[in-house]
Amino acid sequence: MTGLAVAAIAGAVGAQAGTLAFALIEIGVGLAFSYALQAVMGDDQGEVQSREQERDLSFPTDLPVYRFVYGETRATGTILPHPVIGEYGFGVYLVNSRPSDGTPVIHLDGREIPLTGDPYDFTGNGAVPASGDLVDHLQVWIGLGDQSGPPDTYVNECPYDPATQPLGFRSTDAGAGLTVVYLLYRGGDPGTISQRWPSVPPRLQVEGLRTPVYDPRDSGQDPDDPDTWAGTSTFSLNALDVLRMNPFRPYADKYLMMDMIAAAADVDEETVALASGGSEARYTLDGTVVFDGAELEQIMAPIMEAGAAQIARIGGRIGFVPGEASAPVYTVTDLLGAMTFTNMAKARDLPTQIKTVYTSAGRGFADAELALWDIPGVADGEEPRVLTQRLPFTTSATRAMRLRQIRGLRSRQQKELGGVLPPEALDLVPGAGVTVALGAPFDTRIDGAYEVEEMNPFVSPLGDDEGVALRIPVTLRGTSAAVFAWSTDDEEPVFDPPYEVAINGVQVPGAISAETGNSVNRTTGDQIIPRALFTFAPSPSAGVVRYEWQGRATTGGTWGEISGTIPTDAVDGDDDIFRYVEGEADVPMDWRVLAVAMIDGVEQRSAWVTITGVTPTVSLTLGNPVITNPIETSPGSVEFNVIMSNDGQTRGVEVRSGPDADVANADPFGAPVSAWANTTIGFAEGGLGSGVTIYYFARTLGQFGSVGDWVTSAPVTTA
């Protein structure tokens, strides 16, 4: 990395050699470091969750989007317009916009279909189901990119004719360079068709295929000959392939720092011990990258998240800073000229917890969630703020745990130091670790561990700028070795129930997510109605006409205490079905939903999908009352008023009295009194002795047991 930096700077200086005199020359475009994901970035990352991507890719289209399949994943095939002759459908599915290697395993409508025969023999009968209800109803051919045309069966039994069969097949319809699956499916007995084919056309996923990618560490691979490449899960190699091979803005190798990326790949392949006794690679990229017209930077954001990596730009070239702690290579003891120092965000803007959603290989590559994680270092009393982290290219729960820790701790590293370093710092590169040791008076606030975020060296050929010919403005960001520290003791139990698919006429909706709290409660005037918001992915079955739901109290409840229906067009911005359900504050409820579909004129229902222990909550911040100065109206008798605030949630007031200004030493002044906003309540106390000092305290009472802060009156002393 040091050599690359020096070479980039030397080249830039050479290019400007004719204009050096009496000028400050900026070297190239400098050394720019791009954080792929900002520390407090939330749901606006532009990535797609696995279930949403699966839905989008499985939708029939004659213009399928580019997609590259990487690593260990289950890729969804996009069905192309295809002919249906009688009870036979001649299905054609695009799985990968590139050639693939590996051993494919076919899944239809969520079911693995064991095959027998040769799916690569396009001149024969292909492969057929080895057992089950699809025997005699399915033939499969798989083209890994080297096919020269469709299967002979397609060409012979469904030939192209512009007048009678425009969707038919010609021997020249090769699909060369693409990974394509041909499914010849037969409807069969109408009485059992909905069990055999829950979706028509069948929903195809293929496990075990991956795109061959170039590995710059392998001398046997030619960067210009894909036939020498191999499929892998290694994060940096797959991310490199996205840059080199994306269909819209591919990067030429001369703009890629291959040595830096190769070193990052070595980090990715380091093994991390597991509590189970095994191990796994540090970082992988497993999933389907879709090129749907988004900017490349948007596509790269969730990719870089999978490797806890950052993109480095040096002199117009790109490399990867791997997700590992950077050992300090330089100590900053002084800065030339002025410096800037900021803590980037106020504590109230930083997350305190992180919710991580990843793609679970153990659940059929469906979405799964880790437990909500409390970010270490949060001060007592900070208001909870949840950061959502989505990892569509991470298929291991333990790897997701490590990425969660990195994201969470990075989000709290908000120190930023800017200044100018002397020429001795020229060998630094983006992501390099530095130690800042400026000493007093900066030692307590500023000194510590940092990493280089940005460098912009420039040259003053005659040393006009304070006598220093080479000056290096930098931006440094605070870091800590704890960000990447990990042991098996840090693992947590994973609730990852087995993935099951109902083989009946209607498939179940997706797993249910629930949200509670003020953001989903309903407010009518001054009245708050506690609610829960339930969301789930639609059933993938065709013909769904509605969803039916039931609820019950978690403790002692009965299904059907509350119930209703949800129309299929009740969708949110993520295309999930949603339903608000009223409940009782702090009382847990269970909720379940099923899909209803019309199949052959008959309503059929899926199995239930259930979520338990969802608790509606209400959190109120009440306005404080004002206590007028107590007045002794006659010997031993005191009167005062409590004026309620204009807070519409006001329902009463509680008053206490005591001998000093500490409410802990006060006693209740009668029972709480009902009160409303903008009202005044008078209080009086008699029978006090002479020379008695009294303090009065009051606080607002609101709905759902909420209380405001205690306010204190001026003291009064009887005569």
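In what follows, the structure referred to is the one given above.
Residues numbered from 1 in each chain as written. Predicted model: local features only at pLDDT ≥ 70, side-chain atom pairs only at ≥ 80, totals over all residues. Heavy atoms only, no water.

## Thoughts on the pattern of salt bridges
Tallying each qualifying case throughout the model produces 26 salt bridges. For Glu72, the salt bridge is made with Arg210, and the minimal N-O distance between the two is 3.1 Å. Linking Glu72 in the loop between strand S3 (66-70) and strand S4 (74-76) with Arg210 in strand S14 (residues 204-210), this pair joins segments that are 138 residues apart in sequence. For Glu492, the salt bridge identified is with Arg404, shortest N-O distance 2.9 Å. (Salt bridge = Lys/Arg side-chain N within 4 Å of Asp/Glu carboxyl O. Helix = DSSP H or I, 4+ residues; strand = E, 2+ residues; numbered from the N terminus.)

## Regarding the nonpolar core
The nonpolar side chains of soluble globular proteins are, as a tendency, buried together. Membership of the largest hydrophobic core comes to 49 residues, with the highest contact counts inside it found for Phe235, Val242, Leu243, Val289, Met300, Ile303 and Phe320. When neighbours within four sequence positions are excluded, Leu243 is seen to be in contact with Arg249, Pro250, Tyr251, Leu256, Leu296, Met300, Ile318 and Phe320. Ala425, Val459, Ile472 and Val474 belong to the second-largest nonpolar core, a separate cluster that totals 28 residues. (Core = buried A, V, L, I, M, F, W, Y, C linked by side-chain atoms within 4.5 Å. Buried < 20%, exposed > 50% of the residue type's maximum accessible area, 1.4 Å probe, protein only. Contact = heavy atoms within 4.5 Å.)

## Some thoughts on the pairing of strand S27 (residues 433-436)
Regular strands have side chains that alternate between both faces of the sheet. Both strand S20 (residues 328-332) and S27 contribute to a ladder of four bridges, which runs parallel. Paired with Pro328 across the bridge in S27 is Gly433. (Pairing = 2+ DSSP bridges.)

## A look at the side chain of Ser657
Tracing the sequence through the fold places Ser657 in strand S44 (residues 650-658). Ser657 sits in the buried class, given a relative accessible area of 14%. When neighbours within four sequence positions are excluded, Ser657 is seen to be in contact with Ala666, Asp667, Phe669, Ile694, Tyr695, Tyr696 and Phe697.

## Regarding helix H5 (residues 235-245)
Across the eleven residues of H5, ten count as buried, placing the element largely inside the fold. Among the residues of H5, those classed as buried are Phe235, Ser236, Leu237, Asn238, Ala239, Leu240, Asp241, Val242, Leu243 and Arg244. Buried residues in H5 make contact with S3, helix H6 (258-268), strand S17 (287-291), helix H7 (296-306) and strand S19 (317-321).

## Quick word on the packing of H5 against H6
Running from N to C, H5 and H6 cross one another at 145°; their axes reach a closest spacing of 7 Å. Here Phe235, Ser236, Leu237, Leu240 and Arg244 of H5 come into contact with H6, specifically with Met258, Ile261, Ala264, Ala265 and Asp268. When grouped by side-chain class, the residues that make up the contact of H5 with H6 number seven nonpolar, one polar and two charged. (Axes fitted to C-alpha atoms, helices over the stretch in contact; angles between N-to-C directions. Nonpolar A, V, L, I, M, F, W, Y, C, P; charged D, E, K, R; others polar.)

## What about the environment of Gly648?
Structurally, Gly648 can be placed in the loop between strand S43 (637-643) and S44. Gly648 sits 122 residues away from Asp526 along the chain, and the two C-alpha atoms are 5.4 Å apart. Setting aside residues up to four positions removed in sequence, Gly648 forms contacts with Asp526 and Ala677.

## Brief notes about the sheet that holds strand S37 (residues 577-582)
In sheet architecture, strand pairing relies on hydrogen bonds along the backbone and comes in two forms, parallel and antiparallel. Here three strands make up an open sheet; going across it, the order is S31-S34-S37 and the pairing antiparallel. Two strands close off the open sheet at either side, each with one partner strand: strand S31 (513-516) and S37. Adjacent strand axes in the sheet meet at a mean angle of 20° when their direction is disregarded.

## Thoughts on helix H8 (residues 397-411)
Between its terminal C-alpha atoms H8 stretches 21 Å, which fits the 21 Å expected from 15 residues at 1.5 Å a residue. The buried count for H8 comes to 15 of 15 residues, which makes it a mostly enclosed element. (Expected span 1.5 Å × (residues − 1).)

## A word on the pairing of strand S38 (residues 589-599)
Burial analysis of S38 places ten of its eleven residues in the buried class, which makes it a mostly covered element. Both strand S35 (residues 544-553) and S38 contribute to a ladder of nine bridges, which runs antiparallel. Paired with Ala553 across the strands is Met589, a residue of S38. As defined by bridge partners, S38 adjoins strand S40 (residues 609-614) across four bridges and the pair is classed as antiparallel. By the bridge assignment for S40, Met589 is matched with Val614.

No statement about biological role is implied by the geometric values presented.
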